[in-house]
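A structural walkthrough
Okay, here's what each chain looks like letter by letter:
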Amino acid sequence: MTAPTPNLKPVGYGTASSSSSGSSTPQPSRSPKQNIAPVSIINNTDVESPLLSPKSNNLLLSNPQSLNQEHQIESRSLQKGLSQRHLSMLGIAGSIGTGLFLGLGGAVSTGGPLGALLGYAVIGLVVCSVQFALGEVTALMPVTGSFVRHAEVLVDPAMGFAIGWNLVYGNLLSIPSEIVAVCVLVKFWTGDGLNPTAVILPFIALTGGIGMAFVRVFGEVEFVFALLKILLVVFLIVLGLVINLGGVPGTGVIGFRYWRDPGPFVEYIAQGDWGRFLGFWAVMTGAVFSFAGVESLAMAAAETRNPREAIPRAVKRVFARIVIFYGLAVFVVGLLVPSNDERLKGSGDTVAQSPFVLAAAAAGIKGIPSLVNAIVITSAWSAANQSLLAGTRVLYGLALKGQAPKIFLRTTSWGTPYMCVLLFTVFMFLSFLSLSENAISVFWWLVMLTAAGVLVSWSSILLNHIRLLKAMKKQGISTDRLPWHNWWTEYTSPVGLVMCLVILFTSGFSVFTTGRWDAAKFVSSYLDIPIVLAAYLGWKFFRKTSITPLDQIPLEEAFEQAEENLSVQTQGFQPTKKTRGWTRFVSWIWD
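Residues numbered from 1 in each chain as written. Predicted model: local features only at pLDDT ≥ 70, side-chain atom pairs only at ≥ 80, totals over all residues. Heavy atoms only, no water.

Per an unreviewed UniProt entry, the recorded name for the chain is Amino acid permease, and the organism is Podospora comata. One UniProt comment on the chain, placed under Subcellular location (unreviewed entry), says "Membrane". (UniProt positions renumbered as here; feature names shortened; annotations may be inferred.)

Dropping the structure here:
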């Protein structure tokens, strides 16, 4: 079979108080050489954590102090090295990648300039509902693993298990897939003369090294990568407008020429209005994966300084910037290249198919392909770093809940879950399968199993938020007690959830039309659904869990902990002073 495109990215791609043991006995101190979670969890002592008790049907509600106990473990084992600046750029870096630099041409080819713009606008609204729902819940419960752990509290422990392991699996394979993509991109300069091993081994060493480092190192690396990508996006948008307005010598004004001929919409599969609607719908379902990764900013909430303030601020800023960048980019691409240009119909895995590169070549501007290729390579590395962060923190959270082996709770003296990172590093060597034609085909099939996972994750985030608000109403708790709340999210979360589910079940609609069956597209569109359901039902049967009744969700404890820790987290915290001059203009990106 023909291997899918290297830029295919599964989900994720892109979340202190006194001891709750009920005893005054002090906790054993950590050895500098073995900085791990409390001894009662790692070692087989006579003190068993109720979080990990195999007798517990509901892992969160089996002990009324479990939330405090989890917080204590995270506070002892992990270090707070991320700030709001890092979170903002983390979300931006996660959503700006090959989908924007290389994939927008395919959107224009499928839906037309206006169809592509409308498709991305609708998904932008869905992303808004997801981001604000995630921000409100995470501000109340800033835990490692984010919405995976929220699902255990607010919905069902089995749901947290299913979503969590789906994310771990997807991220385990996402990193080697990014390495394979880098090998393809490097060939733009070297041709087939370079041995892929010369790319794979340094990539593994660098990615694994960043994963093992203090989380602040990761934050700074992603900050730089995000800044590079933003600068390229701004440059390409400005360049596109200059080309369109005839600012390049020897070229004329293009204006809205391609909106008139071949037209604002493209007929896809069918004819007439129905065909134009299907074109728009196909763009919309594809746009979801361009925005994948915006949810990653909350994955390391327990490693974020003052998360109850930093995460809401990051959520608001990331949403605004992403919508602006994607909206302008889609608009400009629709102005530069006609939708019937055959070069836009490629798989989108090389810079030669980038609409910005095509427009620059037509205007006689050299050097743009190499520039775009270089930034796309950093995008692939950035995506691998984010998959490593998200996957390891979710795995750590699963181990904390007894849903993964306890060995994954081990951390370094600087707070990195090193056993989790080692597991992900081992899986990076799957990228060597790219050296074999048959092996790489099998590998891409494995990657595609969770390609639809981003919609599963978004659905989980929205469901968590809906359940939180319903539980608060059931228990008579005012929304004024939430650390961060927007009145309209009560309405946007249900609408966003319906949209996510509709898109999830219709994302592969084209394979059911006459003459368009594609096994690879069918697998990438739908197979993740039975995988998640099987994991959910399997854990539910094994642990005999149940959906938590709204009046039994331990919200009061969560609010008390949030209010108690607010003063502790803000001690010595000085609000960031507004910068002035050109630095204020630049810092607008993340502040």
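Of regular secondary structure, the chain possesses 22 helices and zero strands. Scored against the burial criterion, the 591 residues of the chain give a buried share of 59%. Put simply, the chain shows about 23000 Å² of open surface, and 65% of that area lies on carbon and sulfur atoms. (Helix = DSSP H or I, 4+ residues; strand = E, 2+ residues; numbered from the N terminus. Buried < 20%, exposed > 50% of the residue type's maximum accessible area, 1.4 Å probe, protein only. Areas by Shrake-Rupley, 256 points an atom, 1.4 Å probe, with all protein chains shown as cover.)

The next thing to look at is the confidence of the model for the chain. Confidence along the chain averages 80 in pLDDT terms, with 80% of residues attaining 70 or more. When pLDDT is averaged over each element of the chain, helix 18 (residues 489-506) comes out on top at 96 and helix 1 (residues 39-42) at the bottom at 30. Ignoring residues within four places in sequence, the model shows residues 1-65, a span with pLDDT below 50, making 172 contacts including any to other chains. (pLDDT = per-residue confidence, 0-100. Contact = heavy atoms within 4.5 Å.)

Turning our attention to helix 20 (residues 528-543). A turn of α-helix holds 3.6 residues, and therefore any two residues three or four places apart point the same way. Spanning 16 residues, helix 20 covers 22 Å between terminal C-alpha atoms, matching the ideal 22 Å at 1.5 Å per step. Every buried residue of helix 20 is accounted for by Asp-528, Ile-529, Val-532, Tyr-536, Trp-539, Lys-540 and Arg-543. Around the axis of helix 20, the buried residues are gathered within 115 degrees of arc, so they sit on the same side. Relative to its buried face, helix 20 has exposed residues pointing more than 90 degrees away, namely Ala-534, Leu-537, Phe-541 and Phe-542. (Expected span 1.5 Å × (residues − 1). Arc of directions from axis to C-beta.)

A few words now on the packing of aromatic side chains. One pass over the full model with this rule turns up 22 aromatic pairs. When the ring of Tyr-120 is compared with that of Phe-291, the centres are 6.1 Å apart and the planes differ by 55 degrees; the resulting orientation is tilted. Of this pair, Tyr-120 sits in helix 5 (residues 104-140) while Phe-291 sits in the loop between helix 11 (272-290) and helix 12 (307-336), and the two are 171 residues apart along the sequence. For the pair Tyr-120 and Phe-291, one class covers both residues: buried. (Phe/Tyr/Trp six-rings, centres within 6.5 Å; stacked < 30°, edge-to-face > 60°.)

Time to look at the nonpolar core. Counting residues in hydrophobic clusters, the biggest one holds 158 residues, and the most contacted among them are Ile-96, Phe-101, Tyr-120, Leu-154, Val-372, Trp-458 and Leu-555. In this structure, Ile-96 is in contact with Phe-101, Lys-229, Ile-230, Val-233, Ile-322, Phe-325, Tyr-326 and Ser-379, ignoring residues within four places of it in sequence. Membership of the second largest hydrophobic core comes to six residues, among which are Leu-173, Phe-443, Trp-444 and Val-447. (Core = buried A, V, L, I, M, F, W, Y, C linked by side-chain atoms within 4.5 Å.)

Before going further, it helps to examine the pattern of salt bridges. Considering all chains together, one arrives at seven salt bridges under this definition. Close ionic contact of Lys-540 with Asp-156 constitutes a salt bridge, the shortest N to O distance being 2.5 Å. One end of the pair, Lys-540, is in helix 20; the other, Asp-156, is in the loop between helix 6 (147-154) and helix 7 (157-190), with 384 residues separating them in the sequence. Close ionic contact of Arg-343 with Asp-341 constitutes a salt bridge, the shortest N to O distance being 2.9 Å. Accessibility expressed as a relative area gives 48% for Arg-343, which makes it partly exposed. (Salt bridge = Lys/Arg side-chain N within 4 Å of Asp/Glu carboxyl O.)

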